[in-house]
Amino acid sequence: MSFDVAIIGAGPGGYVAAIRCAQLGMRVALIEKESTLGGTCLNVGCIPSKALLDSSEHFHAAVEKFADHGIKINVPKVDMPQMIKRKDEVVDVTVKGIDYLMKKNKIEVIQGHGSFVDSTTLKVGDQEIKAKNIIIATGSEPICPPSFNYDGKRVITSTEALNITKVPKKMVVIGAGVIGLELGSVYARLGTAVEVVEFQKHILGEMDTDVSKEMRRSLKKLGIKFHLSHKVTTVNSTKTKVSVEVEKKDGGDGFTIDADFCLVAIGRKAYTDGLALDKVGIPSDDKGRIDINGHFQTNLPNVYAIGDVVKGPMLAHKAEEEGVYVAEYLAGQKPHINHHLIPGVVYTWPEVASVGSTEEALKEKGTPYKVGKFPMKALGRSRASMDTEGVIKVLAHKDTDEILGVHMVGARAADLIMEAVALMEFRGSAEDMSRICHPHPTYSEAVKEAALAATGNRAIHI
Ligand code: FAD
Ligand code: NAI
């Protein structure tokens, strides 16, 4: 079989690249080792985690908020098998949607593990696939050190945490990053006692410190206990329990936490197993990610790599943009991605969203900046819906007023952030943001107010 382009991996990077290549008239093969398309994102990542986040949020609102809203119900109970079943149905419909898109775009889907034979030939089982161009989009896998004794039953990663059929009494989460806080929130809302052990002194370490502090307050209210500046040395499990050995980051007295489950969420690493990259001489960097140039080209000019398997944030929308980029580049176009403006979102409640530089990064670079903040509790809309936690922070250049970063904790921050992304893409100023008319009463007014605050203390409602 011979193609213009063969893509290895059908996650959001690979399947989007396949569609865009097909739209541009290429004959495309998409190779996937799993039985369903959609990769980590659709099967065991973004979609199922958001399904459980939504279900648990409904439960939590029923327990904590309905009475205040004047809604009387019997004490709500969790039906975990049904919650998991609904999540599975969401995944099922979503991955079938990708099958449909592949047929619609006449993309040849080949099931099996792809590996290199030479720079234009791949092997999948006993089939040989010839392609003028190859895109590697093989994604990532969880990091799990041997001392954590991962068994997939009691010591688990996000994949297994999406399939627990009985609400655990206690869970230890290692890592206060995105997965730890999202899945930790799911179980905390359902009634599990969640303890998070984090190596750094802040949660969500890469995000703006104000955001991280604000979020920590909210999650503590939810009942999550944090052990910051601590590390886990070993995890041991029996059939029914785990024992997690914890120490202060810099050594000192340790302690043990016993729980039903230990969720390991300390990051993910590029997945290149069985690709036979050495056969064709494609190098990786010190983190195992495939080396690429500015056009996502490896050292072989006809072989590209995108998504989690290359440098940059491990995000579905980043993988998709890179997929489109490579397809258009192959078609002779001049595509463009602004990697600095890839938004990051954490789907806790309140949500966290961020784009551009953090205050810490601006300080480090010595960029002159000004800052405007507006608390969600000062907003009429927030009070109406009892979602008063959070803050919006706008960072702008001190001299030019160009928006340099926007960081949010608050209801629907995941959607609010797009105003900032769009403005920043056009190099808008805080003044631009503050003068755009925002509908009342909406959460978006907090964005305007923070921009007003950044441009000379002009915030109206505080
Ligand atoms: P993947 O989605 O990992 O796809 C790679 C595919 O390649 C897989 O299907 C794999 O089976 C296949 N493959 C690998 N090797 C071979 C081979 N040799 N032959 C054939 N097939 C192969 N990101 C967000 O933006 N928003 C979120 O809300 C979000 N939530 C997440 C929640 C969780 C629990 C997790 C784990 C991740 C989440 N992510 C989220 C991250 C997101 O899932 C990834 O960034 C995204 O899936 C990366 O896309 P990709 O195409 O690079 O790789
Ligand atoms: P992460 O990189 O977000 O967080 C890992 C955390 O673990 C860090 O805070 C780190 O300091 C800590 N850590 C590392 N080793 C440790 C140790 N030994 N003991 C204690 N703490 C330790 O990684 P995470 O949460 O596993 O997520 C992986 C990737 O998945 C992320 O890069 C993210 O981009 C993606 N993802 C995105 C989501 C979203 O966009 N909403 C949701 C879930 C995952």
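Residues numbered from 1 in each chain as written. Chains lettered and ligands numbered in written order. Predicted model: local features only at pLDDT ≥ 70, side-chain atom pairs only at ≥ 80, totals over all residues. Heavy atoms only, no water.

Trainee: Looking at this structure, I do not really get the site of ligand 1. What am I missing?
Mentor: Glu 32, Thr 40, Lys 50, Asp 308 and Ala 316 are the nearest of the 39 residues found near ligand 1. Note that a nitrogen atom of ligand 1 is positioned 3.1 Å from one of the backbone N or O atoms of Lys 33. At 2.9 Å, a backbone N or O of Gly 114 approaches a nitrogen atom of ligand 1. Taken by itself ligand 1 offers 1,000 Å² of open surface, and the protein chains cover 94% of this. Elements with a contribution of two residues or more to the shell around ligand 1: α1 (12–23), β2 (28–32), α2 (39–44), α3 (46–64) and α10 (316–330). The element that contributes the greatest number of residues to the shell around ligand 1 is α2, accounting for four residues. (Near = heavy atom within 4 Å. Polar contact = N/O pair within 3.5 Å; in protein donor to acceptor, adjacent residues only side chain to side chain. Areas by Shrake-Rupley, 256 points an atom, 1.4 Å probe, with all protein chains shown as cover. Helix = DSSP H or I, 4+ residues; strand = E, 2+ residues; numbered from the N terminus.)

Trainee: Help me understand the pattern of salt bridges, please; the structure alone is not making it clear to me.
Mentor: Side chains that carry opposite charge are capable of pairing whenever their charged atoms lie near each other. Inspection of the entire model under this criterion finds 23 salt bridges. Here Asp 4 makes a salt bridge to Lys 132, at a shortest N to O gap of 2.9 Å. Within this pair, whereas Asp 4 is found in strand β1 (residues 2–8), its partner Lys 132 is found in strand β6 (residues 127–136), the two being separated by 128 residues in sequence. The closest approach of N and O atoms between Lys 373 and Asp 210, which form a salt bridge, is 2.8 Å. Here Lys 373, found in strand β20 (residues 369–375), pairs with Asp 210, found in helix α8 (residues 209–221); they are 163 residues apart in sequence, far enough to count as distant. Under the relative-accessibility criterion, Asp 210 is labelled partly exposed at 22%. (Salt bridge = Lys/Arg side-chain N within 4 Å of Asp/Glu carboxyl O. Buried < 20%, exposed > 50% of the residue type's maximum accessible area, 1.4 Å probe, protein only.)

Trainee: What is the right way to look at the pairing of strand β21 (residues 391–397) in this model?
Mentor: Two faces, one strand: in a regular strand the side chains alternate between the faces of the sheet. Counting buried residues in β21 gives seven out of seven residues, a clear majority hidden from the surface. Every second residue of β21 is oriented toward a common face, with Val 391, Lys 393, Leu 395 and His 397 on one face and Ile 392, Val 394 and Ala 396 on the other, all of them buried. By the bridge criterion, seven bridges tie β20 to β21 in an arrangement that is antiparallel. Bridged to Pro 375 within β21 is Val 391. Looking at chain direction, β21 and strand β22 (residues 403–410) are connected through six bridges and run antiparallel. Looking at the pairing, Val 394 lines up with Val 406 of β22. In sequence, β21 turns back onto β22 through a hairpin of five residues, with Asp 401 there showing a positive phi of about 75 degrees. (Pairing = 2+ DSSP bridges.)

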